[in-house]
Amino acid sequence: MTSRRVLITGAGQGVGRGLASAFADSGAEVLVNDLHLERCQQVADEIRAAGGTAVPTPFDVCDYESVVAAVTEHGPVDVLVNNAGNAGADGFGNRAKFADTAPADWEPFLRVNLYGVLHCTRAVLPAMITNTWGRILTIVSDAGRTGDPGGAVYGASKAAAAGLTRSVALENGRFNITANNISLGTMRTPMTEPLWADPANSPQTKEILRNYAIRRPGVPEDITELALLLAGEHGSWITGQTICVNGGYSFGL
Ligand SMILES: NC(=O)c1ccc[n+]([C@@H]2O[C@H](COP(=O)([O-])OP(=O)(O)OC[C@H]3O[C@@H](n4cnc5c(N)ncnc54)[C@H](O)[C@@H]3O)[C@@H](O)[C@H]2O)c1
């Protein structure tokens, strides 16, 4: 990744933070985005302390003008990782059945998980086309592939983002731009930490993991090598795909 500029959204913690470290370790300049400035700074400081190159790049992916301003300020992005996500306050959506939700409940999921991906992808694509090289990775969820009772709108927002990837791949392959989705199963990150940390939830977590061939939640390190492959030269003929990193929760046939 040496000489590559990589923008990772939502990199202040969890999966994005793990990806930021991995890309920096492989030589990239990492634009560490998050909604929270202090998280961006902390992750960028950690990367720099380890000898890497990182720039705190705070913005809200929901705000297109801010996204464009950041991309303009920092220069062309070679690799975009659409990672920022919203799964609801407790990390698993509000678990309300769709029939019991109202339009106001849907907004936060669509704004971050779909519009955020639209904004960032749209903002970086022109320079990738000009440079005739680019990589776009979008972190989606098996909730969008298999359905998720209690997480219908979260799943729908992720499925929509995954759909965008396929069109972007088709439209831009001739410019050596690839676009792929990484579909995750249940992870242990700050998003879901309350679930895993409280022993009172043990029956619930056991029940969740019974659906996994490999009976543990994922961790950010489970994803990093795949992300580096897709973002690098060896991934140049992999595009438009949704690759599952999910402990065998579901299978892509
Ligand atoms: N944790 C899981 O079990 C799981 C499962 C499947 C998919 N995913 C997806 O993986 C990705 C990473 O999840 P995670 O568990 O690391 O999440 P997390 O909540 O621990 O971290 C997400 C980060 O994104 C940032 N963020 C949220 N909204 C933002 C916005 N509007 N603009 C910029 N930054 C914003 C948050 O501040 C946070 O630092 C998400 O897209 C999530 O939907 C997670």
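Numbering of residues begins from 1 in every chain and follows the order in which that chain's sequence is written. In view of the model being predicted, local features appear only for residues whose pLDDT reaches at least 70, and side-chain atom pairs are presented and counted only at 80 or more, with totals across whole chains, interfaces and linings using the full set of residues. Here the side-chain values reflect all heavy atoms present in the structure, with hydrogen atoms and water set aside.

Asks: Would you take a moment to explain helix α1 (residues 14-25) for this structure?
Replies: Given 3.6 residues per turn, any residue in an α-helix points the same way as the ones three and four places further on. The helix count covers DSSP runs of H or I at least four residues long, the strand count covers runs of E at least two residues long, and both are numbered beginning at the N terminus. Every helix has an expected span of 1.5 Å times one less than the residues it contains. For α1, built from 12 residues, the straight-helix expectation of 16 Å at 1.5 Å per residue is met to within 8% by its first-to-last C-alpha distance of 17 Å. Where burial is concerned, most of α1 is hidden: nine out of the 12 residues are buried. Categorising residues by exposure relies on relative accessible area from a 1.4 Å probe, with only protein chains included: less than 20% of the type maximum marks a residue as buried, more than 50% marks it as exposed, and the intermediate range marks it as partly exposed. Of the positions making up α1, those classed as buried are G14, V15, G16, G18, L19, A20, A22, F23 and A24.

Asks: Is there a simple way to think about the site of the ligand in this case?
Replies: Lining the immediate surroundings of the ligand are 30 residues, of which D34, N83, Y154, K158 and T189 lie closest. Throughout this description, a polar contact denotes any pair of N or O atoms lying within 3.5 Å of each other; where both atoms belong to protein, one of them has to be capable of donating a hydrogen while the other can accept it, and for residues adjacent in sequence the pair is counted only when both atoms sit in side chains. Within the side chain of T189, an N or O atom sits 2.4 Å from an oxygen atom of the ligand. At 3.1 Å, a backbone N or O of M191 approaches an oxygen atom of the ligand. When residues of the shell around the ligand are traced back to their parent elements, those giving at least two are α1, β5 (134-141) and α6 (152-172). Nearness of a residue to a molecule or strand requires only that one of the residue's heavy atoms be within 4 Å of it.

Asks: Would you take a moment to explain the nonpolar core for this structure?
Replies: Nonpolar side chains in soluble globular proteins tend to end up buried together. Only buried residues count toward a nonpolar core, which is a set of Ala, Val, Leu, Ile, Met, Phe, Trp, Tyr and Cys residues joined through side-chain atoms within 4.5 Å. Ranked by size, the top nonpolar core spans 33 residues in total, and within it I8, L19, F23, V32, V81 and I182 carry the most contacts. Residue assignment for this core shows that the elements contributing at least two residues are β1 (5-8), α1, β2 (29-32), α2 (37-49), β4 (79-82), β5, β6 (177-184) and α9 (221-231). We call two residues contacting when some pair of their heavy atoms lies within 4.5 Å. Setting aside residues up to four positions removed in sequence, I8 forms contacts with G16, L19, A20, F23, V30, L31, V32, N33, V81 and N83. By size, the runner-up hydrophobic cluster in this structure holds 23 residues, among which are V61, V67, V124 and L125.

Asks: I would appreciate a short explanation of the packing of helix α4 (residues 103-131) against α6 in the present structure.
Replies: When two helices pack together, their arrangement is given by the angle between the helix axes and the distance between those axes. Helix axes are fitted to C-alpha atoms over the stretch in contact, other axes to C-alpha atoms as well, and angles between N-to-C directions run from 0 to 180 degrees. Contact pair α4 / α6: the axes reach a minimum separation of 8 Å and the direction vectors enclose 15 degrees. In terms of orientation, α4 and α6 fall into the roughly parallel class. For the pair α4 and α6, the sense of crossing is right-handed. Note on element contacts: α6 touches α4 through V153, Y154, S157, K158, A160, A161, L164, V168 and N172, opposite W106, F109, L110, N113, L114, V117, L118, T121, L125 and I129. Residues are sorted three ways: Asp, Glu, Lys and Arg are charged, Ala, Val, Leu, Ile, Met, Phe, Trp, Tyr, Cys and Pro are nonpolar, and all the rest, Gly among them, are polar. For the contact of α4 with α6, a count of residues per class yields 14 nonpolar, four polar and one charged. We call two directions roughly parallel when the angle between them is under 35 degrees, roughly antiparallel when it is over 145, roughly perpendicular when it lies between 65 and 115, and oblique otherwise. If you view the pair so one helix is near and one far, a crossing is left-handed when the near helix is turned anticlockwise from the far one by less than a right angle, and right-handed when it is turned clockwise.

Asks: Could you clarify how one ought to interpret the pairing of strand β3 (residues 53-56) in this entry?
Replies: With four bridges connecting them, β2 and β3 associate as parallel partners. Considered in β3, the bridge of L31 is made with V55. Here is how to tell: hold the view so the strands point away, follow the path from the first strand over the helix to the second, and if it runs clockwise the crossover is right-handed. The handedness of the β2 to β3 crossover, carried by α2, is right-handed. Two strands qualify as a pair provided that DSSP identifies no fewer than 2 bridges between them.

Asks: Could you clarify how one ought to interpret unusual backbone geometry in this entry?
Replies: Trans is the common state for peptide bonds, and a negative phi is the common state for residues other than glycine. Phi at S3 takes a positive value of approximately 75 degrees, unusual for a residue other than glycine. Relative to the elements of secondary structure, S3 occurs in the segment before β1. Despite not being glycine, T132 has its phi angle at roughly 45 degrees, a positive value. Mapped onto the fold, T132 is located in the loop between α4 and β5. The exposure class of T132 is partly exposed, given its relative accessible area of 40%.

Asks: It is not clear to me how the side chain of T178 should be interpreted in this structure. Could you clarify?
Replies: Along the polypeptide, T178 turns up in strand β6. Under the relative-accessibility criterion, T178 is labelled buried at 3%. For T178, the residues in contact, after removing those within four places along its chain, are G134, R135, I136, L230, G235, S236, I238 and T239.

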